[in-house]
Amino acid sequence: MQTYDNIIIGGGHNGLICATYLAQKGQSVLLLEATDGLGGLATTREFYPGFRAPVAHSLSHFSETVVEQLNLLKHGYTPSSEVLDTIGLNLNGEHVVVSGEHISGVNKADQQTYADYLVLLKRFAKMLKPFWLKTMPRIGDNSFPDLMTFGQLGLKLRLLGKKDMGEFMRVATLPARDLMDENFDNDILKAVLSWDGLIGSKMAPRSPNATVLNMLYRMSGKHHGAHSLPEGGIQNLISALHNAALDAGVTVKTGALVKRIVIKGSSSGLAATGVELADGTLISSARVVSSADPKQTFLNLVGANNLEIGFTNRINRLRCDGYVAKLHLALDGAPKFTGLKNPNGRMIIAPKLDAIEFAFDDAKYGEYSKSPVMEIIIPSMVDNLLAPKGQQVLSAHVMYVPHKLKGGWTDEARQNLYQRLIDTLESYAPGIRQQIIHGEILTPADLEQTYHLTGGHWHHAELSMDQMLMMRPTYEAAQYSTPIPGLYLCGAGSHPGGGLMGGPGHNAAKEIIGAKKEL
Amino acid sequence: MNSMPDVTDPFAGERLKESPFHPRQAALNLRDAWSSWNGYKFADYYYDEEYEYFCIRNSCATYDICPMQKYILSGPDAEAMLNRMVTRDITKLKENRVTYVCWCTDEGRLIDDGTIFKLGADRFLLTCGSPSLAWLRKSAFGFNQLHITDMSDDIAALSLQGPTSCEVLKKMGLQGIENLKPFCISHFPFAGSEDTPLMVSRTGFTGDLGYELWISPDLALEFWDALYRAGENYGIQPYGESATNMARLEAGFIMPGMEFNEALKTIHFQYDQTPFELSLDWLVDFKKPHFNGRNALLKERDQGAEYTLVKLDIEGNKPAEESFLYADEDCSKEIGYVTSAMWSPVVKANIALAMVKTSALKSTIWAEIYYSKELRHHSKVAKCTLQKKPFWAPERARATPPAAF
Ligand SMILES: Cc1cc2nc3c(=O)[nH]c(=O)nc-3n(C[C@H](O)[C@H](O)[C@H](O)COP(=O)(O)OP(=O)(O)OC[C@H]3O[C@@H](n4cnc5c(N)ncnc54)[C@H](O)[C@@H]3O)c2cc1C
């Protein structure tokens, strides 16, 4: 039987990245992906004959280090130098447009404040940036590299200067609403600028927690948080990652659902020695590296009987319920948003912070919102292969749609949600209803099913103070290694978290390579 | 039986529960010396602690273990769940056998000790001193074919200990009881029924010949009466907490709140203990690939425990209660502390259990003993000798069949 140095579970971007780094070091790598395609939550899926849409639909913080180290440009990655405008839609057509460092549709005061606000946030984002690509220190372990990381963080903070350091400490856990209210007047602007701190999480404008840190995390990208799409869309990035993996010698198998991580026990303890596929095939390896979410990895694939009791219960308590649904529409032409010449930006329907807050309130109690808020892109405008000629695809992230809907996700519930979304869209883009050829909705429960993802969560596990940095997903598994020798994590459930970024895949590979050296 | 809460009693919810044996025990508690255990009214002693102790050693005596916590774990996953929780390998445990176990936190700190009774292929009884349902539930997470029932109030139990205990059970009509070996279980008919509602295990906490007797609470009083009738000429007597504590110390058994502080109730960092510190190495089975706390315990085994629980034979006759221990007679170098101490009547020695720094075990150990004589306090420094074997381990505790009387 063939045995590999590494088996990677999951062919999302993190699995691909981790696999490639390891293969480049000369290790043999087998990557196993359950679905028939690659990309995971960034898969481009055909949802109607001739119409395709990516689940994750834009880039904000994909790591430039990864682009460079994996030579992604050579492998076909064509990032765009253009960023997408973020457009806060107004029913009356007087939209707020954030275009890099400029804003239109707001008063002078807001425009000026925005410049200062951006400078400050960029400084904070720059300070934090190195830490997203670093293994976080182990709690209670005073090893030299760990102390160094702590020291560096302290030093970086200190280098901000006394005033900014104080300001960082003040705003880091601030609710988005406080940050917005103290800076801006315009309701739509406040909603739009909060959006990237909130989306994907179970947090709303009034929630104190990691909203600002989420914003700063997303600002670590090339365009300081502005979104963009590569030429050829998200699929272009995934293809480049796939090519890089193949080029490095990774063996990629799709349609290969891992049923179990094989744990062997001997008097020297337990160790991961391979995997068993759904069809019963056993494959052995020196290491198993999982990009599946932590709950699935530990509770389903490893099993509680192989883990410590306290640890198991911490994993079980991870908050993994997703609150973002996906809407895909096949349209017979470009939708016409009132007052918008060309829908080629990232359009946000959230007329004010309370609109987001109230949508959240509904979801908190297990319902979807009566007035949903959402982010819309027409990805076929960038990648004309996504729809037949002259036709378009609309992709929307809808907040907040609970994974566990009161009464369950019945056909009727889905239909009602769908109608509500179309009604909302219709009010901003009159006539869109008539343009629809087909529509699909992916609730977090659908994402859970389709992408083998507990709770269907954007980040695999909530990216909040208690589940981030050296606590992600929980202590004793926050340095990519786990309590089981030979088992590593490399997905969004690990530091720094989710989004198309690549940090977890990169960091995990570094840990594995480093650990091997010590042997 | 527990009396119904009296609605006119403003303290109804605060009052101690009464064990199913309470009516008989209350009648014999001449000194009204009650304390409590797990919410039950519980005797410290009935008449005189030394008298009760001597009954354990010379005739036989009963100890009410109704307040002990009892859990039935059943289902196809029961064995796997317990085996992952405790440090011993219970897949080796045969049906109708009992084993002494302990279990630890992820960090290898002792949560509690107790006994597991294997009642069937996938049916176990776990008994322990403190309520443990919360930890059992946590330990059960991920084991779906498992049912845990808290039977603490639904099984009445008496511990019958002492040299005449087997004879009394014979007199009671338990046929073949003399063939029951230590740590074995047998079931007997009772109260004229064809069923076997009486479970007997040859177990106990005194280091002597003895049995634990398990029965449904509604048969408790009838059972008591039958037992005491049979024991009339064999010196049967109830004993309380104080005599238990003497007997268990002679046997070298540890007590929560004395030798160890339960990990889940410990606030100060590492003020709890590990099995290695408590000299329970023999309970930790590293041949088993996984159990809770294994990694931490492996590390401790290799590095050595900071403290070790030892048995001390101390010169003189003043019990070394709460004494500090030193490496020198001048008491300048502190190396540990006594956890339990007494003058042992049966061994005729001044004995103690003590936590001593492992590194200091090779040197001579001195105890600084405080005692008082008619209100005047005195202190002395006494030399201690390490004792390897239990202070008291009579042949009769193991003999099968036990001697007849
Ligand atoms: C609705 C939605 C929209 C999003 N939009 C954006 C966006 O616009 N921009 C952005 O940056 N981020 C977005 N995100 C977040 C981002 O998509 C994810 O955080 C990221 O894709 C996670 O990547 P990953 O490689 O860690 O895991 P995944 O992409 O989830 O990949 C894990 C892979 O493992 C496979 N797998 C799981 N279990 C098994 C198993 N047992 N055996 C074999 N294979 C298995 C899965 O099928 C999957 O392919 C969005 C997330 C969601 C849910």
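Residues numbered from 1 in each chain as written. Chains lettered and ligands numbered in written order. Predicted model: local features only at pLDDT ≥ 70, side-chain atom pairs only at ≥ 80, totals over all residues. Heavy atoms only, no water.

## Points about the overall build of chain A
Link 1 in the chain: Secondary structure assignment for chain A yields 16 helices and 17 strands.
Link 2 in the chain: In terms of overall size, chain A behaves like a compact globule, its C-alpha atoms giving a radius of gyration of 22 Å where 519 residues would be expected to give roughly 24 Å.
Link 3 in the chain: Here chain A holds 519 residues, and 60% of them are scored as buried.
Link 4 in the chain: In chain A, the proportion of contacts linking residues at least 24 apart, taken out of those at least 6 apart, comes to 73%.
Link 5 in the chain: Between the mean site of the 48 positive side-chain charges and the mean site of the 49 negative ones, chain A shows a separation of 4 Å. (Helix = DSSP H or I, 4+ residues; strand = E, 2+ residues; numbered from the N terminus. Rg over C-alpha atoms; globule rule 2.2 N^0.38 Å. Buried < 20%, exposed > 50% of the residue type's maximum accessible area, 1.4 Å probe, protein only. Contact = heavy atoms within 4.5 Å. Lys, Arg positive; Asp, Glu negative; His and termini not counted. Charge placed at Lys NZ, Arg CZ, Asp CG, Glu CD.)

## A short note on the interface of chain A and chain B
Link 1 in the chain: Between chain A and chain B, the residue contacts involve 20 residues of the former and 18 residues of the latter.
Link 2 in the chain: Taking both partners together, chain A and chain B bury about 1400 Å²; carbon and sulfur atoms supply 55% of that area.
Link 3 in the chain: Together, Asn305(A), Glu308(A) and Ile309(A) form the three largest contributors to the area buried by chain A at its contact with chain B, with a combined 41%.
Link 4 in the chain: Summed over the shared surface of chain A and chain B, the number is 0 salt bridges.
Link 5 in the chain: Broken down by secondary-structure element, the contributors of at least two residues to the side of chain A that touches chain B are β9 (258-266), β10 (269-277) and α11 (309-316) of chain A.
Link 6 in the chain: Counting residues per element, the side of chain A that touches chain B draws most heavily on α11(A), which supplies 6 residues.
Link 7 in the chain: Here the residues of the side of chain A that touches chain B are counted per class, giving 7 nonpolar, 11 polar and 2 charged. (Buried area = accessible area lost by both parts, 1.4 Å probe. Salt bridge = Lys/Arg side-chain N within 4 Å of Asp/Glu carboxyl O. Nonpolar A, V, L, I, M, F, W, Y, C, P; charged D, E, K, R; others polar.)

## Quick word on α11(A)
Link 1 in the chain: Most of α11(A) sits out of view: 7 of its 8 residues are buried.
Link 2 in the chain: Every buried residue belonging to α11(A) is among Ile309(A), Gly310(A), Phe311(A), Thr312(A), Asn313(A), Arg314(A) and Ile315(A), and all of these are buried.
Link 3 in the chain: Tucked into the core, α11(A) has its buried residues touching α10 (294-302) of chain A together with α3 (78-85) and α4 (133-140) of chain B.

## Side note on the pairing of strand β9 (residues 156-161) of chain B
Residue and element names in this part refer to chain B.
Link 1 in the chain: The buried fraction of β9 amounts to 6 of the 6 residues, a majority that puts the element mostly inside the structure.
Link 2 in the chain: The two faces of β9 match: Ala156, Leu158 and Leu160 on one face and Ala157, Ser159 and Gln161 on the other face are all buried.
Link 3 in the chain: Examined bridge by bridge, strand β3 (residues 60-64) and β9 share 4 bridges and lie antiparallel to one another. Residue Tyr63 lies in a different strand from β9, and its bridge partner there is Ser159.
Link 4 in the chain: Pairing of β9 with strand β12 (residues 210-215), which is carried by 6 bridges, proceeds in the antiparallel orientation. (Pairing = 2+ DSSP bridges.)

## Here's the deal with the site of the ligand
Residues and elements named next belong to chain A.
Link 1 in the chain: Taken together, 35 residues lie around the ligand, and Glu33, Ser58, Trp458, Gly499 and Leu500 are the ones closest in.
Link 2 in the chain: Between an oxygen atom of the ligand and a main-chain N or O atom of Leu500, the distance comes to 2.7 Å.
Link 3 in the chain: Tallied by class, the residues present in the shell around the ligand amount to 15 nonpolar, 18 polar and 2 charged. (Near = heavy atom within 4 Å. Polar contact = N/O pair within 3.5 Å; in protein donor to acceptor, adjacent residues only side chain to side chain.)

## Observations regarding a nonpolar patch on the surface
All names here are of chain B.
Link 1 in the chain: A cluster of nonpolar side chains, Leu30, Tyr47 and Tyr51, forms an exposed patch at the surface whose accessible area comes to about 310 Å².
Link 2 in the chain: By the element assignment, Leu30 lies in the loop between α1 (22-28) and β1 (33-37).
Link 3 in the chain: Its relative accessible area of 54% is what places Leu30 among the exposed residues. (Patch = residues over 30% accessible without salt bridge, like charges linked within 9 Å, V, L, I, M, F, W, Y side chains within 5 Å. Areas by Shrake-Rupley, 256 points an atom, 1.4 Å probe, with all protein chains shown as cover.)

## Digging into the domain arrangement of chain B
Residues and elements named next belong to chain B.
Link 1 in the chain: Partitioning chain B into domains gives domain 1 (22-68 + 154-251), domain 2 (69-150) and domain 3 (307-383).
Link 2 in the chain: Domain 1 and domain 3 are separated by 33 Å when their C-alpha centres are compared.
Link 3 in the chain: Contact with domain 1, which involves 7 residues of that partner, is made by 9 residues of domain 3.
Link 4 in the chain: Interface of domain 1 and domain 3: buried area, both sides summed, is about 670 Å²; carbon and sulfur atoms make up 77% of it.
Link 5 in the chain: Considering only the side of domain 1, the residues that lose the most area to domain 3 are Arg248, Leu249 and Glu250, jointly responsible for 64% of the buried surface there.
Link 6 in the chain: Connecting domain 1 to domain 3 are 0 salt bridges.
Link 7 in the chain: Along the contact surface separating domain 1 from domain 3 lie 3 residue pairs in polar contact (both at pLDDT 80 or more).
Link 8 in the chain: Going through the elements one at a time, α2 (49-58) and α7 (241-251) are the ones with two or more residues in the side of domain 1 that touches domain 3.
Link 9 in the chain: Broken down by element, the residue count for the side of domain 1 that touches domain 3 peaks at 4 residues, all from α7. (Domains from an automatic or database assignment.)

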